[in-house]
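Results of the structural survey
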Amino acid sequence: MAVAFQDYYETLGVPRDASAEDIRRAYRQLARKNHPDVNKEPGAEDRFKQISEAYEVLRDEDKRARYDRLGANWRVGEDVSGTSGFGTASGTNGGFGDVRVEFGDGNFSDFFEELFGRRARRGPPAGWADTSANGFATRGADQEAVLELTLEEAASGGKRRISLGDGRDLTVEIPAGVRDGQRIRLSRQGGAGAGDSGAGDLYLRVRLKPHRRFRVRGRDLYADLPVAPWEGALGAEVRLDTLTGRAQVRVPAGSSTGRRLRLRGEGLPDGKGSAGDLYVSVAVHVPKRLSNDERELFERLAKVSKFDARRAR
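For every chain, the first residue of its written sequence is number 1, and the numbers climb from 1 along that sequence. Residue-level local features of this predicted model are given only where pLDDT is at least 70; pairs of side-chain atoms are given and counted only at 80 or more, and the full residue set underlies all totals for whole chains, interfaces and linings. Note that water and hydrogens are dropped before the side-chain values are worked out from all heavy atoms of the structure.

1. Some thoughts on the sheet that holds strand β11 (residues 278-284)
In plain terms, the rule: Whether two strands pair depends on DSSP finding at least two bridges between them. Secondary structure follows DSSP: runs of H or I at least 4 residues long count as helices, runs of E at least 2 residues long count as strands, and numbering of each begins at the N terminus. A fitted line through C-alpha atoms represents every axis, and for helices the fit uses only the stretch in contact; the resulting angles, taken between N-to-C directions, go from 0 to 180 degrees.
The mixed open sheet is built from 4 strands, whose spatial order is β6-β7-β11-β10. Each end of this open sheet is capped by a strand with a single partner; those strands are β6 (215-217) and β10 (260-263). Each strand of the sheet is rotated relative to its neighbour by a mean of 30°, with strand direction disregarded. Where β10 and β11 come together, 4 bridges link them in antiparallel fashion. Residue arginine 262 lies in a different strand from β11, and its bridge partner there is tyrosine 279.

Here you go:
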């Protein structure tokens, strides 16, 4: 089939000095928008063919240079009857023949999967013959979004109302102890399917917000435990805020900064009845300003003590 001349730059909506990446990006956007298995408007199939033809030429350095030099006559002397991108496969319902669709790393199935979801890889590529009475049908694309949670929300779990960019509001069941990077699957809440097929799935990837007190490693939590000099020297029972409440912590006598204490089961739950641990590191703090009595006591201690911090291990 003869291919009428078109301004390929205008077709892709890019300037004549566009970079290869600009051309590739424009093609991706237009191909998604105009693919006839997504866009049912009249003329979408023809636009898709034109977009694909323009990309086939401009993505190739030699073809693009010849097109820039010769314009409408760029094919003179070239046999394009079997060239990928310009034929129409016989037996198709106005399909795209050998048009090469590229997305990502150049793999057609990757592009098709991006548009229609994973199951589309097992179905026929767009434009191939379809003998079913209902036309081509494929499952909708899986989609992914980020769900930000506080550490407390992740630990307790429960239901949460979320709003999606497309205007939908959904209620999500958050498992207790959900971890950073974990995905929550919402069945059939992804992209709409083509034909009679159902929608894809929506995956919410959990991102834990930074916490002002706790650091997370797996299911264990880490925090600092500020103590006064006399508490570290003499030992003390101090109260500590945990993720779910408060706990009493025994600081052994002779505790210096950096000593680590373990609170079993005070970390993140695993959803099976157990939880990680909370590790607190002793941090000895001294007063920035001393009262007269405090100064006198510290001065007396300095005179009577034989402790040498530089030699201590």
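Text resumes after the structure shown.
2. Some points on the pattern of salt bridges
What counts is decided by this rule: By definition here, a salt bridge exists when the distance from a side-chain nitrogen of Lys or Arg to a carboxyl oxygen of Asp or Glu is within 4 Å.
As enumerated under the stated definition, the model contains 15 salt bridges in all. A salt bridge links arginine 183 to glutamate 144; the nearest nitrogen and oxygen atoms lie 3.2 Å apart. Here glutamate 144 lies in strand β1 (residues 143-149) and arginine 183 lies in strand β4 (residues 183-186), a separation of 39 residues in the sequence. A salt bridge links aspartate 277 to arginine 262; its shortest N-O distance comes to 2.7 Å. With aspartate 277 in the loop between β10 and β11 and arginine 262 in strand β10, this pair connects stretches of sequence that are 15 residues apart. Bridged by salt links that share partners, the residues Glu21, Asp22, Arg24 and Arg25 form one connected network.

3. Some points on a nonpolar patch on the surface
The condition is simple: Within the patch definition used here, like charges are joined within 9 Å and nonpolar side chains (Val, Leu, Ile, Met, Phe, Trp, Tyr) within 5 Å, considering only residues with over 30% relative accessible area and no salt bridge. Per-residue accessibility takes into account occlusion by the displayed protein chains alone, with areas from the Shrake-Rupley method and a 1.4 Å probe. Throughout this description, buried means an accessible area under 20% of the type-specific maximum (1.4 Å probe, protein chains only), exposed means over 50%, and partly exposed covers the range between.
Among the surface-exposed residues, Trp230, Leu234, Leu290, Phe298, Leu301 and Val304 lie close enough to one another that they form a single nonpolar patch of about 600 Å² accessible area. Mapped onto the nonpolar patch, the elements with two or more residues apiece are α7 (229-234) and α8 (292-304). Top element by residues in the nonpolar patch is α8. It accounts for 3 residues. Considering the arrangement of structural elements, one finds tryptophan 230 in helix α7. Look at tryptophan 230 and you get partly exposed, because its relative accessible area is 43%.

Nothing here speaks to function; it is all geometry.
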